[in-house]
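Chains, contacts and geometry: an overview
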Amino acid sequence: MTTSQRSVRIERTAQGRYVAHNERGATLEFGDGDDQFSPVELLLAAIGGCTAIDTDVATSRRTEPDEFTVTVTGDKVSERESGNRMENLEVRFAVRFPEGEQGDAARSMLPRTVALSHDKLCTVSRTVELGTPVRTVIE
């Protein structure tokens, strides 16, 4: 087993608006406005993005896709006693490859690469499925 710590730093920029910074200098704005991604939408994007990257890296070695769209959906549940959570998460791939030998090779490996990402590679969905404690600390 190997471990490597990852982190993001989140700064408030205005009421209901935030920017996440990673250690490589990238930023991502989010918040509760209509023009912002919400934290729940970021979770869905992280789940889909993780599996999309795994799958794209493997299949695009054969050929570039004509279409590559991943849609992630889920139901946000709010319960007074048990709190808020997401249920019924689904990652749906719409991927098309060009006709021909290379497209056939990419198409044939698509189910296997999606399954491998889901079952072993995608840190995000694996963490969600397996569950892990989240500790909060006030400095």
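A brief look at the structure comes next. This one's a predicted model, so the numbers in the text were calculated from it and none came from an experiment. Sequence order as written defines residue numbering, which begins from 1 separately in each chain. A pLDDT threshold of at least 70 governs which residues receive local features in this predicted model, and a stricter bar of 80 or more applies before side-chain atom pairs are shown or counted, although totals over entire chains, interfaces and linings include all residues. Side-chain calculation: all heavy atoms of the structure are included, whereas hydrogens and water are not.

**Some thoughts on the sheet that holds strand E1 (residues 8–14)**
Between any two strands, pairing holds if DSSP finds at least two bridges. Helix and strand labels come from DSSP, where a helix needs a run of H or I of at least four residues and a strand needs a run of E of at least two; each type is numbered from the N terminus. Read across the open sheet, the three strands follow the order E1-E2-E3; overall the sheet is antiparallel. Strand pairing shows two members of the sheet lacking a second neighbour, E1 and strand E3 (27–31), which therefore form its edges. Averaged over all pairs of adjacent strands, the angle between their axes in this sheet comes to 25 degrees, without regard to strand direction. Inter-axis angles, ranging from 0 to 180 degrees, are taken between N-to-C directions of lines fitted to C-alpha atoms, where helices are fitted over the stretch in contact.

**So, the pairing of strand E2 (residues 17–22)**
Across six bridges, E1 lies against E2 in antiparallel orientation. Looking across to E2, one finds that Ala 14 is bridged to Arg 17. Linkage of E1 to E2, two consecutive antiparallel strands, is achieved through a turn of two residues, within which Gly 16 is found at a positive phi near 75 degrees. Relative to E3, E2 is paired through five bridges, and the arrangement is antiparallel. Counterpart to Val 19 in the pairing with E3 is Glu 29. Two successive antiparallel strands, E2 and E3, enclose a turn made up of four residues, where Gly 25 displays a positive phi of approximately 100 degrees.

**Brief notes about the packing of helix H2 (residues 101–121) against helix H3 (residues 123–130)**
Two elements in contact, H2 and H3, have axes whose closest approach is 7 Å; the angle formed by their N-to-C orientations is 55 degrees. Our classification of the angle between H2 and H3 gives oblique. Contacts between H2 and H3 involve His 118, Asp 119, Lys 120 and Leu 121 from the first element and Thr 123, Ser 125, Arg 126 and Glu 129 from the second. Across the contact of H2 with H3, the residue classes break down as one nonpolar, three polar and four charged. Between 65 and 115 degrees an angle is taken as roughly perpendicular, under 35 as roughly parallel, over 145 as roughly antiparallel, and anywhere else as oblique. Two residues form a contact once any of their heavy atoms are found within 4.5 Å. In this classification, the charged set is Asp, Glu, Lys and Arg, the nonpolar set is Ala, Val, Leu, Ile, Met, Phe, Trp, Tyr, Cys and Pro, and all remaining amino acids, among them Gly, are polar.

**Side note on the pattern of salt bridges**
Between Lys or Arg on one side and Asp or Glu on the other, a salt bridge is scored when a side-chain nitrogen of the former is within 4 Å of a carboxyl oxygen of the latter. The final tally for this structure, using the stated rule, is seven salt bridges. Salt-bridge contacts for Arg 96 lead to Glu 67; the nearest nitrogen and oxygen are separated by 2.9 Å. Within this pair, whereas Arg 96 is found in strand E5 (residues 83–96), its partner Glu 67 is found in strand E4 (residues 67–79), the two being separated by 29 residues in sequence. Partly exposed residues are those whose accessible area sits between 20% and 50% of the maximum for their type, while under 20% is buried and over 50% is exposed, using a 1.4 Å probe and protein chains only. On the basis of relative accessible area, Arg 96 is assigned to the exposed category, the value being 53%. For Glu 67, a relative accessible area of 22% corresponds to the partly exposed category. Salt bridges sharing partners connect three or more residues here, namely Glu 79, Arg 85 and Glu 87.

**Regarding the environment of His 118**
Tracing the backbone shows His 118 in helix H2. Along the backbone, His 118 and Phe 68 are 50 residues apart, and their C-alpha atoms lie at a distance of 17 Å. Discounting chain neighbours no more than four positions away, the residues touching His 118 are Ser 125, Arg 126 and Glu 129.

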